Amino acid sequence: MAAVDAFFLQPFKTHRKRLVPAQRVPAKTKHHAINDGERLARTAEGVAVIHVVADDETGEVGAIEVLARHGAIPDEFEEQIRAL
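Residues numbered from 1 in each chain as written. Predicted model: local features only at pLDDT ≥ 70, side-chain atom pairs only at ≥ 80, totals over all residues. Heavy atoms only, no water.

1. Looking at the overall build of the protein
Threshold: By definition, any uninterrupted DSSP run of H or I lasting at least four residues is a helix, any uninterrupted run of E lasting at least two residues is a strand, and each is numbered from the N terminus. It is over C-alpha atoms that the radius of gyration is taken, and the globule rule equals 2.2 Å times the number of residues to the power 0.38. Only protein chains enter the accessibility calculation, which uses a 1.4 Å probe; a residue whose area is less than 20% of its type maximum is buried, one above 50% is exposed, and one in between is partly exposed. Only heavy atoms enter the contact rule, under which two residues are in contact if any of them lie within 4.5 Å. Only the protein chains shown count as covering a residue, and every accessible area follows the Shrake-Rupley method with a 1.4 Å probe.
Within the protein one finds 2 helices and 5 strands. Ordered by position from N to C terminus, the α and β elements of the protein give β-β-β-α-β-β-α. Relative to the 2.2 N^0.38 estimate, which gives 12 Å for 84 residues, the radius of gyration of the protein is 13 Å and therefore close to what a compact globule would have. Each of the 84 residues in the protein was classed as buried or not, and the buried ones make up 32%. Here the contacts in the protein between residues at least 6 apart in sequence split such that 53% fall between residues at least 24 apart. Of the roughly 5,800 Å² of accessible surface on the protein, 50% is carried by carbon and sulfur atoms.

Following this line, the structure appears as structure tokens:
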């Protein structure tokens with residue numbers, strides 16, 4: 001069982017006066033994810049940079065970590081991803 005690291009950006013936008021997730025953006029490395037998160041934060045209302053460790057055979061998530069937060073992010077967002 002080999003662990004696979006995945007990085008992605010989760011931008012947020014306002015819809016009907018509530019912050020909601022927009023289309024998730026993948027990143028190749030931690031460095032790219034952090035830099036792209038800072039860049040995306042200039043136009044999005046909020047961005048979370050996320051690192052996921054998963055089993056490459058089963059796809060089962062081993063760990064999820066929020067590497068960076070920019071702008072407005074819903075309070076319940078981190079609670080929701082920790083529940084995975």
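2. Some thoughts on the pairing of strand β4 (residues 46-55)
Using the following cut-off: Note: two strands are recorded as paired if DSSP finds a minimum of 2 bridges between them.
With 9 of its 10 residues buried, β4 lies for the most part within the structure. When strand β1 (residues 3-15) meets β4, the two strands line up antiparallel, connected through 10 bridges. Bridge pairing links V4 to A54 in β4. Linking two consecutive strands that pair antiparallel, namely β4 and strand β5 (residues 61-71), is a turn of 5 residues; a positive phi of about 80° is found at G59 within it.

3. Remarks on the nonpolar core
To keep things clear, this is the line we draw: We call a set of buried Ala, Val, Leu, Ile, Met, Phe, Trp, Tyr and Cys residues a nonpolar core when their side-chain atoms join them within 4.5 Å.
F8, F12, A48, I50, V52, V66, I73, F77 and I81 form the largest nonpolar core, which has 9 residues in total. Elements supplying a minimum of two residues to this core: β1, β4 and α2 (76-82). A total of 3 residues in this core trace back to one element, the largest contributor, which is β4. By size, the runner-up hydrophobic cluster in this structure holds 8 residues, among which are L9, V47, V49 and A68.

4. Topic: unusual backbone geometry
Despite not being glycine, R16 shows a phi value in the positive range, around 55°. By the secondary structure assignment, R16 is in the loop between β1 and β2 (18-21). Relative accessible area serves as the criterion here: at 74%, R16 is assigned to the exposed category. Positive phi, normally seen in glycine, also occurs at K17, with a value near 65°. Tracing the backbone shows K17 in the loop between β1 and β2.

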